[in-house]
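# Understanding the architecture of this molecule
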Amino acid sequence: MLSIKNLHKQFGDLVVLDGIDLNVETGKVVVVIGPSGSGKTTLLRCLNVLETPNKGELQINNKVLDFSKKVTKKNIQAFRKQTGMVFQTYNLFPHKTAIENVMEGPVIVQNIPKQEARNKARQLLEKVGLGDKIDYYPYQLSGGQQQRVGIARALAMEPEVMLFDEPTSALDPELIGEVLQVMKELAEEGMTMVVVTHEMGFARDVADEVIFMEGGHIIERGHPADMFSRPSNSRTKEFLNLLS
Ligand code: ADP
């Protein structure tokens, strides 16, 4: 359902993605790991077309963006709608409550009536365990709670694929688990997910496939059980050793 073909991205002379190929089937979870600077965030940002690839093709369901041709704004918008992004920092509107943050996209972008959007937002906040905090402002919430609002906000747009860019890396260690738990539940419900994370426990438990990136290439890919117990590439081995 999600397909990436020969994706290239460079910033000036710096080649950051050098021919990435990846398919993610509906309901599968792919975890992307790799050293800092290997292109993981750029890959996710290309999937959301926050960055425009220089070459290659992206497809989600029947929407295709071929970057060797001219890609229109309209096509980009239609493509982007199918993705929901959760960032490292939560980027919530500080002057809006949790429920207002979650309602914002459906009301403003999708023109959904306010009451309907509110009902849906309440359900989503309940789903991420924040049913009792819907009227709290971001400053009244912990980092983990804010990130769960961020997940509910992305889900409110009913994406086909959820993209997570190191969603727990800004959190205090004791708050990481609650966010990973929400992500795990989403995966169990069949959400298609691409997750950049250093949380190897999450990768081991939840990922259908782990991708190891370095220098803009996919160096190794496989089922977490195989990759973690017997990585075939020496660079993967070295990276995993450094983490343990
Ligand atoms: P990772 O997520 O694996 O740490 P990134 O995708 O963030 O890697 O970055 C890959 C490389 O691209 C890095 O060298 C980074 O400095 C560079 N880079 C990322 N975004 C930009 C940008 N907007 N302009 C210039 N260079 C960038």
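In this text the structure is predicted, and so the values were computed from the model without any measurement. (Residues numbered from 1 in each chain as written. Predicted model: local features only at pLDDT ≥ 70, side-chain atom pairs only at ≥ 80, totals over all residues. Heavy atoms only, no water.)

### A closer look at the overall build of the protein
A count of helical and extended segments in the protein gives nine helices and ten strands. Against the globule reference of 18 Å for 244 residues, the protein gives a C-alpha radius of gyration of 18 Å, in line with a compact fold. Projected onto its principal axes, the C-alpha positions of the protein cover 50 × 45 × 30 Å. Within the protein, buried positions represent 51% of all 244 residues. Residue pairs in contact within the protein that sit at least 24 positions apart in sequence constitute 64% of those at least 6 positions apart. Roughly 11700 Å² of accessible area belongs to the protein as shown, and the carbon and sulfur atoms make up 47% of that amount. In the protein, 28 positive and 31 negative side-chain charges are present, and the distance between their average locations comes to 6 Å. (Helix = DSSP H or I, 4+ residues; strand = E, 2+ residues; numbered from the N terminus. Rg over C-alpha atoms; globule rule 2.2 N^0.38 Å. Buried < 20%, exposed > 50% of the residue type's maximum accessible area, 1.4 Å probe, protein only. Contact = heavy atoms within 4.5 Å. Areas by Shrake-Rupley, 256 points an atom, 1.4 Å probe, with all protein chains shown as cover. Lys, Arg positive; Asp, Glu negative; His and termini not counted. Charge placed at Lys NZ, Arg CZ, Asp CG, Glu CD.)

### Regarding the nonpolar core
Within the largest apolar cluster, 51 residues are counted, with the highest numbers of intra-cluster contacts made by Ile33, Leu125, Ile151, Met162, Phe164, Met183 and Met193. Once residues lying within four places of it in the same chain are set aside, the contact partners of methionine 183 are Ile151, Phe164, Pro167, Met193, Val195 and Phe202. Among the nonpolar cores identified, the runner-up in size contains 29 residues, and Leu2, Ile20, Leu44 and Val161 belong to it. (Core = buried A, V, L, I, M, F, W, Y, C linked by side-chain atoms within 4.5 Å.)

### A closer look at the site of the ligand
Near the ligand, the surroundings consist of Phe11, Leu14, Val16, Pro35, Ser36, Gly37, Ser38, Gly39, Lys40, Thr41 and Thr42. A distance of 2.8 Å separates an oxygen atom of the ligand from a polar atom in the side chain of lysine 40. Its free accessible area being 560 Å², the ligand has 59% of it covered by the protein chains. Among the elements of the structure, β2 (14-24) and α1 (40-47) are those that each provide at least two residues to the shell around the ligand. Of the residues forming the shell around the ligand, the biggest block, three residues, is contributed by α1. Taken together, the residues of the shell around the ligand break down into four nonpolar, six polar and one charged. (Near = heavy atom within 4 Å. Polar contact = N/O pair within 3.5 Å; in protein donor to acceptor, adjacent residues only side chain to side chain. Nonpolar A, V, L, I, M, F, W, Y, C, P; charged D, E, K, R; others polar.)

### Comments concerning the confidence of the model for the protein
Low pLDDT marks stretches whose predicted atomic positions should not be read closely. Taken residue by residue, the protein gives an average pLDDT of 95. The fraction at 70 or more is 100%. Mean pLDDT in the protein bottoms out at helix α9 (residues 234-243), which sits at 88, and peaks at strand β8 (residues 192-196), which reaches 98. Both confidence scores are given for the complex: pTM 0.95, ipTM 0.97. (pLDDT = per-residue confidence, 0-100.)

### Some points on the packing of aromatic side chains
Geometrically, a pair of aromatic rings is defined through the distance of the ring centres and the angle of the planes. Enumeration over the complete set of coordinates arrives at two aromatic pairs. Ring plane angle 20° and centroid distance 6.3 Å describe the contact between tyrosine 137 and tyrosine 139, whose orientation is recorded as stacked. Judged by centre distance (5.3 Å) and plane angle (45°), the rings of phenylalanine 212 and phenylalanine 239 are tilted. Of this pair, phenylalanine 212 sits in strand β9 (residues 209-214) while phenylalanine 239 sits in helix α9; the two residues are 27 residues apart in sequence, bridging distant segments of the chain. Phenylalanine 239 shares its class with phenylalanine 212; the two are buried. Stacked on the ring of tyrosine 136, the Lys or Arg lysine 133 has its end atom at 5.4 Å from the ring centre. (Phe/Tyr/Trp six-rings, centres within 6.5 Å; stacked < 30°, edge-to-face > 60°. Lys NZ or Arg CZ within 6 Å of the ring centre and 35° of its normal.)

### Brief notes about α1
Most of α1 is tucked away, with six of its eight residues classed as buried. Burial in α1 covers these residues: Lys40, Thr42, Leu43, Leu44, Cys46 and Leu47. Just downstream of α1 lies valine 49, where phi reads positive at about 50°.

### Quick notes on the pattern of salt bridges
Under the counting rule described, the total for this entry stands at eleven salt bridges. Overlapping salt bridges, with partners in common, bring together Glu214, Arg235 and Glu238 in one network. (Salt bridge = Lys/Arg side-chain N within 4 Å of Asp/Glu carboxyl O.)

### Digging into the sheet that holds β2
Across the sheet, four strands lie side by side as β2-β1-β4-β5; this open sheet has antiparallel pairing. Of all strands in the sheet, those bounded by a partner on one side alone are β2 and β5 (63-66). Averaged over all adjacent pairs, the angle separating strand axes in this sheet is 15°, with direction ignored. Two strands pair when backbone bridges link them, and strand β4 (residues 55-60) and β5 are joined in this way by four bridges, in the antiparallel orientation. Residue pairing across strands places isoleucine 60 opposite lysine 63, the latter belonging to β5. Sheet strands touched by α1: β1 (2-11), β2 and β4. Its angle to β1, the strand with the most contacts, is close to 120°. Lying over the sheet, helix α2 (residues 73-80) contacts β4 and β5, oriented at roughly 130° with respect to β5. (Pairing = 2+ DSSP bridges. Axes fitted to C-alpha atoms, helices over the stretch in contact; angles between N-to-C directions.)

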